[in-house]
Amino acid sequence: MLPEGNWITRAPNLRRKAVLLAKVQDEAGHGLYLYSATETLGADREQLIDDMHSGKAKYSSIFNYPALTWADIGTIGWLVDGAAIMNQVALCRTSYGPYARAMVKICKEESFHQRQGYESLITLCNGTPQQKAMAQDAMNRFWWPALMMFGPSDADSTHSDQSIKWKIKRFTNDELRQSFVDATVPQAEILGLTIPDPNLKWNEERGHYDFSEINWEEFWQVVKGNGPCNKERIAARLKAKEEGLWVREAANAFAKKRAMKKSA
């Protein structure tokens, strides 16, 4: 729910605040769906959370970038949730049932998130020159991290071949990344925003857009925990777990008390 949660109290009006609150609530639910899916494999939820805190388990690299302006919230909705949809729609037909069923609901909600982000950017891009510049600045900072969301290149992806063989994944990282670029460029043109890639151009022969090589050094640094906000994000999660301990203990005590009453 970071970095968007930081902007709930700073949303420009009540409507934007209500929409952002709904999105953050959805994202919390997505985490619960996926933790529940892992539990069907015998995993322990608390252990998985501890693994993330220790760095053993990884989370999406995009969450390690800061949201500096309100335009970032719209850009995250448009680009980041758009990339998530590109990934997750294919997973709705993955071979593992609990994961596939969770993805159906997640994709419906992510579609709302993307439309919310794009609508916010339309407003900014048709506003004052300062608002348009703010939207362009957000695009400049989030375009490449959004492309990195699809993971390493196929040549460097450790698990892609096995995942496709088992039908967990239906498309490779590079195939999904290309589909995202092809779908997003026309949307940027409607907004009047410039994608920060001088080599971006339509390739008639391939029927796809060509684009520059991703800065894989930056990608791997973020994955290894050396991104702009890695330490801050983990610290926030640890703080939330520690400060929420009394809530979990109270809920467990109440559930135990209720169960005892039913069995009496």
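Residues numbered from 1 in each chain as written. Predicted model: local features only at pLDDT ≥ 70, side-chain atom pairs only at ≥ 80, totals over all residues. Heavy atoms only, no water.

**Q** So what about the pattern of salt bridges? Which residues, and what values?
**A** Evaluated as defined, the whole model comprises 14 salt bridges. Across the salt bridge formed by Arg45 and Glu39, the nearest N and O atoms sit 3.1 Å from each other. Within this structure, Glu4, Lys23 and Asp81 form a network of salt bridges that share partners. (Salt bridge = Lys/Arg side-chain N within 4 Å of Asp/Glu carboxyl O.)

**Q** Mind laying out the packing of helix α1 (residues 14–39) against helix α3 (residues 70–91), listing which residues take part and the relevant values?
**A** At a minimum axis distance of 13 Å, the contact between α1 and α3 shows a crossing angle of 45°. Considering their axes alone, α1 and α3 lie oblique with respect to each other. In terms of crossing hand, the pair formed by α1 and α3 is left-handed. Of the residues in α3, those in contact with Arg16, Leu20, Lys23 and Glu27 of α1 are Trp70, Ile73, Ile76, Gly77 and Asp81. In terms of residue class, the contact of α1 with α3 is built from 4 nonpolar, 1 polar and 4 charged. (Axes fitted to C-alpha atoms, helices over the stretch in contact; angles between N-to-C directions. Helix = DSSP H or I, 4+ residues; strand = E, 2+ residues; numbered from the N terminus. Parallel < 35°, antiparallel > 145°, perpendicular 65-115°, else oblique. Left-handed = near helix turned anticlockwise from the far one by under 90°. Contact = heavy atoms within 4.5 Å. Nonpolar A, V, L, I, M, F, W, Y, C, P; charged D, E, K, R; others polar.)

**Q** Explain the nonpolar core to me, using residue names and the numbers behind them.
**A** Core analysis: the biggest nonpolar cluster contains 46 residues, and Trp78, Leu79, Met139, Trp143 and Phe180 have the highest contact counts within it. Counting residues per element, the ones that place at least two in this core are α1, α3, α4 (97–125), α5 (129–148), α7 (173–191) and α8 (216–223). When residues no more than four places from it in sequence are discounted, the contact partners of Phe180 are Leu79, Gly82, Ala83, Met86, Trp143, Ala146, Leu147 and Phe150. (Core = buried A, V, L, I, M, F, W, Y, C linked by side-chain atoms within 4.5 Å. Buried < 20%, exposed > 50% of the residue type's maximum accessible area, 1.4 Å probe, protein only.)

**Q** Account for the packing of α5 against α7, naming residues and giving values.
**A** Running from N to C, α5 and α7 point in directions that differ by 175°, and their axes come no closer than 12 Å. In terms of their interaxial angle, α5 and α7 are classed as roughly antiparallel. From α5, Lys132, Met139, Trp143, Ala146, Leu147 and Met148 reach across to α7, where they touch Arg177, Phe180, Val181, Thr184, Ala188 and Leu191.

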